[in-house]
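Take a look at the letters that make up each chain.
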Amino acid sequence: MSAFPVVPGQRWGPGRWWSATTGRHVACGSAAMRAQLMVLDRDPEVVGLAGRPVRLLWRDGRGKVYSWVPQLFARYSDGTALLADCPSRPEAGGQRARRAVPVLEAACAQAGFRYRRLEPLQKVEAANLKWLAGYRHPRNQGRPGLAAAVREAFARPRPLIEGTEAVGDPIEVLPAVFHALWHGHLTAPVDVPLNAHVLINPATGGADGRRDSTGGPDSEGGQ
């Protein structure tokens, strides 16, 4: 794994993301990459994550050597994989990034991978995911039986605060609700702010509906 560079004057420096999928830290080089890690960490089909896993080298028609290090790697349960970059805006990376795209796509196709430049998240979705990520650690399930009580309270769609208060003291129950939302045991819309009156739904399409739920406090480090 290649280390993320520290750029003097840059507002956001390299860090590490604790993955609920793997139970390990993933190197993270930017806020945009952290946002994409949140998305992938909640995807029930993702089984592995890594930051800057490989450096690709190639020559152009004149023999000049170029290189590129994709920011992110994700392995899926069906054995397929994704190499990705996480630009903060479409034009990020400039000419170097544009030159690398067809090479990366061809190299990934030969290896049975996919390559993508992932689109930045919308502000509301990113804020929701950041909030819920603060509750991704198993300790937020709470006392024995609380997780099951939370799912039962939201067996039918109802506002967040209504279902929470039906279980007990919100101070105790809300972390378990947010944990369930992160892991897809409950779902909520991603395009509206997560607040006391947002409609919470039971999971659909299987035991884990992480792709349908929203995205809350500190999500960085070993939560």
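Note that the structure is a prediction, hence the values are computed from the model and not measured.

A. Representation of the sheet that holds strand β3 (residues 46–51) in the model. Strand order across the open sheet formed by four strands is β3-β6-β7-β8, with mixed pairing between neighbours. Looking at which strands have only one partner, the edges of the open sheet turn out to be β3 and β8 (113–117). Strand-to-strand, the axes of this sheet are offset by a mean angle of 20 degrees, without reference to chain direction. Sheet topology note: the β3/strand β6 (residues 72–76) ladder contains five bridges and is antiparallel. Within β6, the residue paired with Leu49 across the bridge is Ala74. Docked against the sheet, helix α1 (residues 31–42) engages β3 and β6, running at close to 5 degrees with respect to β6. On the sheet, helix α2 (residues 94–111) packs against β7 (81–85) and β8 and is oriented at approximately 160 degrees with respect to β8.

B. Just the environment of Arg34, in detail. Here Arg34 is to be found in helix α1. We classify Arg34 as buried; its relative accessible area is 13%. Put simply, Arg34 and Gly15 are 19 residues apart on the chain and 9.1 Å apart in space, counted from C-alpha to C-alpha.

C. Region of interest: unusual backbone geometry. Positive phi, normally seen in glycine, also occurs at Arg52, with a value near 45 degrees. One can find Arg52 in the loop between β3 and β4 (56–59). Look at Arg52 and you get buried, because its relative accessible area is 13%.

D. Spatial organisation of the pairing of β7. Of all five residues making up β7, five are buried, and the element is well covered by its neighbours. Residues of β7 alternate between two faces, with Ala81, Leu83 and Asp85 on one and Leu82 and Ala84 on the opposite face, all of them buried. In terms of strand pairing, β6 meets β7 through four bridges, oriented antiparallel. Bridge pairing links Phe73 to Leu83 in β7. The hairpin turn running from β6 into β7, its antiparallel successor, is four residues long, and Gly79 in that turn takes a positive phi close to 95 degrees. With five bridges joining them, β7 and β8 adopt parallel strand pairing.

E. Geometry of the state of the cysteines. Counted by the stated rule, this structure contains zero disulfides. The thiol of Cys28 is not disulfide-bonded; the next cysteine sulfur, from Cys86, is found 8.2 Å away. A residue is classified by how much of its surface remains accessible, and Cys28, at 0% relative accessible area, is buried.

F. Representation of the side chain of Asp41. On the secondary structure map, Asp41 appears in helix α1. Of the side chains with opposite charge, Arg136 comes closest to the buried, unpaired Asp41, at an N-O distance of 4.3 Å. Of the polar contacts made by the side chain of Asp41, one reaches the side chain of Ser19; its length is 2.8 Å.

G. The arrangement of the packing of helix α3 (residues 123–133) against helix α6 (residues 170–183) in detail. Orientation of α3 relative to α6, taken along the N-to-C sense of each, is 120 degrees, at an axis distance of 9 Å. Considering their axes alone, α3 and α6 lie oblique with respect to each other. Where α3 crosses over α6, the two elements pack in a sense that is left-handed. Counted together, Leu129, Trp131, Leu132 and Ala133 of α3 and Phe178, Leu181 and Trp182 of α6 form the full contact between these two elements. Classifying every residue of the contact of α3 with α6 by side-chain character gives seven nonpolar, no polar and no charged.

Definitions and limits used
Residues numbered from 1 in each chain as written. Predicted model: local features only at pLDDT ≥ 70, side-chain atom pairs only at ≥ 80, totals over all residues. Heavy atoms only, no water. Pairing = 2+ DSSP bridges. Helix = DSSP H or I, 4+ residues; strand = E, 2+ residues; numbered from the N terminus. Axes fitted to C-alpha atoms, helices over the stretch in contact; angles between N-to-C directions. Contact = heavy atoms within 4.5 Å. Buried < 20%, exposed > 50% of the residue type's maximum accessible area, 1.4 Å probe, protein only. Disulfide = S-S within 2.5 Å. Lys, Arg positive; Asp, Glu negative; His and termini not counted. Salt bridge = Lys/Arg side-chain N within 4 Å of Asp/Glu carboxyl O. Polar contact = N/O pair within 3.5 Å; in protein donor to acceptor, adjacent residues only side chain to side chain. Parallel < 35°, antiparallel > 145°, perpendicular 65-115°, else oblique. Left-handed = near helix turned anticlockwise from the far one by under 90°. Nonpolar A, V, L, I, M, F, W, Y, C, P; charged D, E, K, R; others polar.

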